[in-house]
Amino acid sequence: MKMKTIVFAASKGGVGKTTLCAALSSFASGASKKKKIAIIDLDPQGSLTAWWNQRQENSPELIEASAGNLSEMLGKASAAGYHYVFIDTPPGHMKTIETGISNADYVLVPCQPSPVDIAAIGDTLSAIEELGKPFAFVMNRVIARTRIGEQAILLLANHGKVAGVPVAQRTAFATAMTDGRSAPEVEGGKRAEEEIGALWKFLLSNLKAK
């Protein structure tokens, strides 16, 4: 199969890009044990790399790349037989975000259920539309059974697909990032596993439909 590149992009910080990238790439590694899966951290803060350095499992692997050599490194990854590469992009650096998007097979745009967050999606959406890439929003850090979560999903649906099921605000996600695990691997992470599993299923069906 041709290698697929999944990019997490949002110009606003604090929406959970890195946490979702870690959770989804490690879930994919567990669900597709025979597939070669890697992550790339384009954020100068290096939070995804720090998480990976703490990780005990062998997958996902880390490919070191920058915005300047991303296309080249992805070409090498494809030649080396990788199946999926997940890319985390920084907030605010639109040039780097655009580089990530231009190399994507699919873009996931995490968004929190607040008017401020929804208002901030414009830059990212413009870049995705300009580059003609398929994408979906991931409603993240939703507080269960609140009206604002439901309203936010309806608002986002006006701009594009909303992926999987909403991902709730859970301590498992924060705990996992401190020691190289992902939320589904943490004790009490069952619900997180269901949410990330639904996101992976959504992504696979949309990558096939591409």
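Residues numbered from 1 in each chain as written. Predicted model: local features only at pLDDT ≥ 70, side-chain atom pairs only at ≥ 80, totals over all residues. Heavy atoms only, no water.

Engineer: Tell me about the environment of P113, and name the residues and values.
Structural biologist: Among the structural elements, P113 can be located in the loop between β5 (106–111) and α5 (115–119). On the accessibility criterion, P113 (11% relative accessible area) is buried. Note: C-alpha distance between P113 and P166 (53 residues apart in sequence) is 9.9 Å. (Helix = DSSP H or I, 4+ residues; strand = E, 2+ residues; numbered from the N terminus. Buried < 20%, exposed > 50% of the residue type's maximum accessible area, 1.4 Å probe, protein only.)

Engineer: Which residues make up the nonpolar core, and what values go with them?
Structural biologist: Most often, soluble globular proteins have nonpolar side chains that are buried together. Core analysis: the largest hydrophobic core is formed by 34 residues, its most contacted members being I6, F8, L24, F86, L108, W200 and L203. Setting aside its immediate chain neighbours within four residues, L203 contacts I6, L24, F86 and Y106. One finds M73, L74, M94 and A104 within the second-largest nonpolar core, a separate group that totals 33 residues. (Core = buried A, V, L, I, M, F, W, Y, C linked by side-chain atoms within 4.5 Å. Contact = heavy atoms within 4.5 Å.)

Engineer: How would you explain the sheet that holds strand β2 (residues 37–41) if you had to name every residue and give the values?
Structural biologist: Strands sit in the order β3-β2-β4-β1-β5-β6 across an open sheet of 6 strands; the sheet is parallel. The open sheet has two edge strands with one neighbour each: β3 (61–62) and β6 (135–139). When strand β1 (residues 4–8) meets strand β4 (residues 84–88), the two strands line up parallel, connected through 5 bridges. Along β4, the bridge assignment pairs I6 with F86. (Pairing = 2+ DSSP bridges.)

Engineer: Could you give me a rundown of helix α1 (residues 17–31), with the residues and numbers involved?
Structural biologist: The end-to-end C-alpha distance of α1, which contains 15 residues, comes to 21 Å, matching closely the 21 Å that a straight helix rising 1.5 Å per residue would cover. With 13 of 15 residues buried, α1 lies mostly within the body of the structure. (Expected span 1.5 Å × (residues − 1).)

Engineer: Please provide a residue-by-residue account of the pairing of β5, values included.
Structural biologist: Burial runs high along β5: 6 of the 6 residues are buried. The alternating pattern of β5 places Y106, L108 and P110 and V107, V109 and C111 on opposite faces, both of which are buried. Examined bridge by bridge, β1 and β5 share 3 bridges and lie parallel to one another. Note on β5: the bridge partner recorded for V7 is V107. Examined bridge by bridge, β5 and β6 share 5 bridges and lie parallel to one another.

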